[in-house]
Amino acid sequence: MTNRYNLPSGFVNLCNAPRTPMPHRYSVTELLKPRWMVNLMRANPRLLDGDVSDQVLMILGTAVHKVLEEHTSEGFAERKIERVVGEDTLVGVIDLYNPDTYTIEDYKVTTTRHTGTDEWRLQGLMYAWLLRPEYVDRLRFHAILRDWTYHHDGPAVWTWEYKVMADDMAYIEAYIKTWLSNTEPCTPSERWNDGDTWWLYKDGNVRATHQCASDTVAPKGYHVVYRVGVDKRCERWCPVASVCKAKRERL
Ligand code: SF4
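Since the structure is predicted, the reported quantities are computational estimates derived from the model, not experimental observations.

1. Comments concerning unusual backbone geometry
Argument step 1. At the junction of R132 and P133, the peptide bond is cis and its omega measures out at 15° in the coordinates.
Argument step 2. Looking at the element boundaries, P133 is found in the loop between α4 (117-131) and β5 (138-145).
Argument step 3. In the Ramachandran plot, E78 falls in the positive-phi region, its phi being about 50° despite a non-glycine side chain.
Argument step 4. In this fold, E78 is placed in strand β2 (residues 76-85).
Argument step 5. Here the phi dihedral of Y102 falls at roughly 55°; this positive angle occurs in a residue that is not glycine.
Argument step 6. With respect to the element layout, Y102 can be found in the loop between β3 (88-98) and β4 (103-110).

So, in structure tokens, the structure goes:
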């Protein structure tokens with residue numbers, strides 16, 4: 001990891017803390033990413049290195065968790081749980097579990113545009129599954145909004161709640177087992193593929209008249225252009241794209 005702006009040792013040591021993944025031992029946050037991508041991240045740790053200054057979000061998140069842990073007076077804060085699944089082990093650190101209210105609480109440092117409740121539900125249910133046989137009735141995710149001052153119409157901490165349903169444990173167990181046994185490359189939805197499209201063009205025009213259905217028959221003087229969907233994650237957001245064989249084979 002580089003230190004382009006000569007930041008003090010606190011930044012450097014925090015960013016360089018050893019995080020060597022152990023074989024067959026996976027974290028809940030890894031299970032939120034595609035399995036194929038996690039395998040490549042584990043095999044190519046150097047690709048995840050950047051500059052210390054780029055790690056500001058990780059530093060903010062770590063600081064918030066530490067301060068809130070120190071000042072929490074109910075339940076169990078930063079509780080680490082692991083559970084064996086076949087030959088693998090799933091590990092999670094729960095920000096707070098309150099056994100009086102049967103609630104898992106989680107903190108996120110994020111922005112108003114990145115309050116991803118689908119991912120939070122998966123994460124919270126994996127924690128609930130790890131906690132079993134303890135009962136979990138509710139998940140509560142608290143988003144500490146970095147851009148709150150630009151959006152004065154809401155609170156600075158936005159809380160999302162989910163009531164755990166009767167069949168959620170079977171659902172999340174299937175999700176965990178499927179993820180752990182998966183050997184396939186990322187699916188279109190994991191690649192954030194925006195889908196194939198067809199566009200109607202007037203002959204000679206460079207701009208499409210409008211988007212159309214795949215079976216559109218172009219009227220006289222028009223033609224239909226097919227555009228293949230873009231894998232947005234592969235293009236811009238995947239740290240291991242440069243070594244991904246599946247991506248190369250699709251080109
Ligand atoms: S480049 Fe695309 S297919 Fe390859 S690991 Fe990244 S997201 Fe998955």
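Okay, back to it.
2. Observations regarding the confidence of the model for the chain
Argument step 1. The predicted model of the chain averages 93 in pLDDT, with 99% of residues at 70 or higher.
Argument step 2. The weakest mean pLDDT in the chain belongs to helix α1 (residues 9-15) at 88; the strongest belongs to helix α5 (residues 168-181) at 98.

3. Some points on the site of the ligand
Argument step 1. Around the ligand sit 16 residues, and of these M37, C186, C234, C238 and C244 come closest.
Argument step 2. Only α2 (35-43), α6 (232-237) and α7 (245-250) provide two or more residues apiece to the shell around the ligand.
Argument step 3. Take the shell around the ligand: its biggest share by element is three residues, from α2.
Argument step 4. Of the residues that constitute the shell around the ligand, the class distribution is twelve nonpolar, no polar and four charged.
Argument step 5. Counting contributing residues, the shell around the ligand receives three or more from each of domain 1 (14-181) and domain 2 (197-250).

4. Things to note about the packing of α4 against α5
Argument step 1. α5 packs onto α4 with a crossing angle of 100° between their chain directions and a minimal axis gap of 9 Å. Taken together, the axes of α4 and α5 lie roughly perpendicular to each other. Along the contact surface, α4 presents L122, L125, M126 and W129, while α5 presents D168, M169, I172, E173, Y175 and I176.
Argument step 2. Residue composition of the contact of α4 with α5, grouped by class: eight nonpolar, no polar and two charged.

5. As for α5
Argument step 1. The end-to-end C-alpha distance of α5, which contains 14 residues, comes to 20 Å, matching closely the 20 Å that a straight helix rising 1.5 Å per residue would cover.
Argument step 2. Listing the buried residues of α5 in full gives I172, I176 and W179. Down the axis of α5, the buried side of the element spans an arc of 70°, and every buried residue falls inside it. Opposite its buried face, α5 presents the exposed residues A170, A174, T178 and S181, each directed more than 90 degrees away.

6. Brief notes about the nonpolar core
Argument step 1. Residues I104, M126, Y127, A128, W129 and I176 are the most contacted members of the largest nonpolar core, which totals 24 residues.
Argument step 2. At seven residues, α4 tops the list of elements feeding residues into this core.
Argument step 3. Residues contacting I104, with those up to four places away along its chain left out, are I94, Y97, G124, Y127, A128, V136 and L139.
Argument step 4. Core analysis: the next-biggest nonpolar cluster, separate from the first, contains seven residues, W36, L40, C186 and C238 among them.

7. Focus on the pairing of β4
Argument step 1. By the bridge criterion, three bridges tie β3 to β4 in an arrangement that is antiparallel. Looking at β4, one finds that Y97 is bridged to I104.
Argument step 2. Counting the residues that bridge the hairpin from β3 to β4 gives four residues, and of these Y102 lies at a positive phi of roughly 55°.
Argument step 3. By the bridge criterion, eight bridges tie β4 to β5 in an arrangement that is parallel. Of the residues in β5, the one forming a bridge with K108 is A143.
Argument step 4. The β-α-β motif built from β4, the intervening α4 and the parallel element β5 has right-handed crossover chirality.

8. Considering the domain arrangement of the chain
Argument step 1. Along its sequence, the chain is carved into domain 1 (14-181) and domain 2 (197-250).
Argument step 2. The C-alpha-based centres of domain 1 and domain 2 are spaced at 35 Å.
Argument step 3. On the domain 2 side, the residues contacting the seven residues of domain 1 number seven residues.
Argument step 4. Of the residues in the side of domain 1 that touches domain 2, the class split is six nonpolar, one polar and no charged.

Calculation criteria
Residues numbered from 1 in each chain as written. Predicted model: local features only at pLDDT ≥ 70, side-chain atom pairs only at ≥ 80, totals over all residues. Helix = DSSP H or I, 4+ residues; strand = E, 2+ residues; numbered from the N terminus. pLDDT = per-residue confidence, 0-100. Near = placed C-beta within 6 Å. Nonpolar A, V, L, I, M, F, W, Y, C, P; charged D, E, K, R; others polar. Domains from an automatic or database assignment. Axes fitted to C-alpha atoms, helices over the stretch in contact; angles between N-to-C directions. Parallel < 35°, antiparallel > 145°, perpendicular 65-115°, else oblique. Contact = placed C-beta atoms within 7 Å. Expected span 1.5 Å × (residues − 1). Buried ≥ 20, exposed ≤ 12 C-beta atoms within 10 Å, placed from the backbone. Arc of directions from axis to C-beta. Core = buried A, V, L, I, M, F, W, Y, C linked by C-beta atoms within 7 Å. Pairing = 2+ DSSP bridges. Right-handed = clockwise from strand over helix to strand, strands pointing away.

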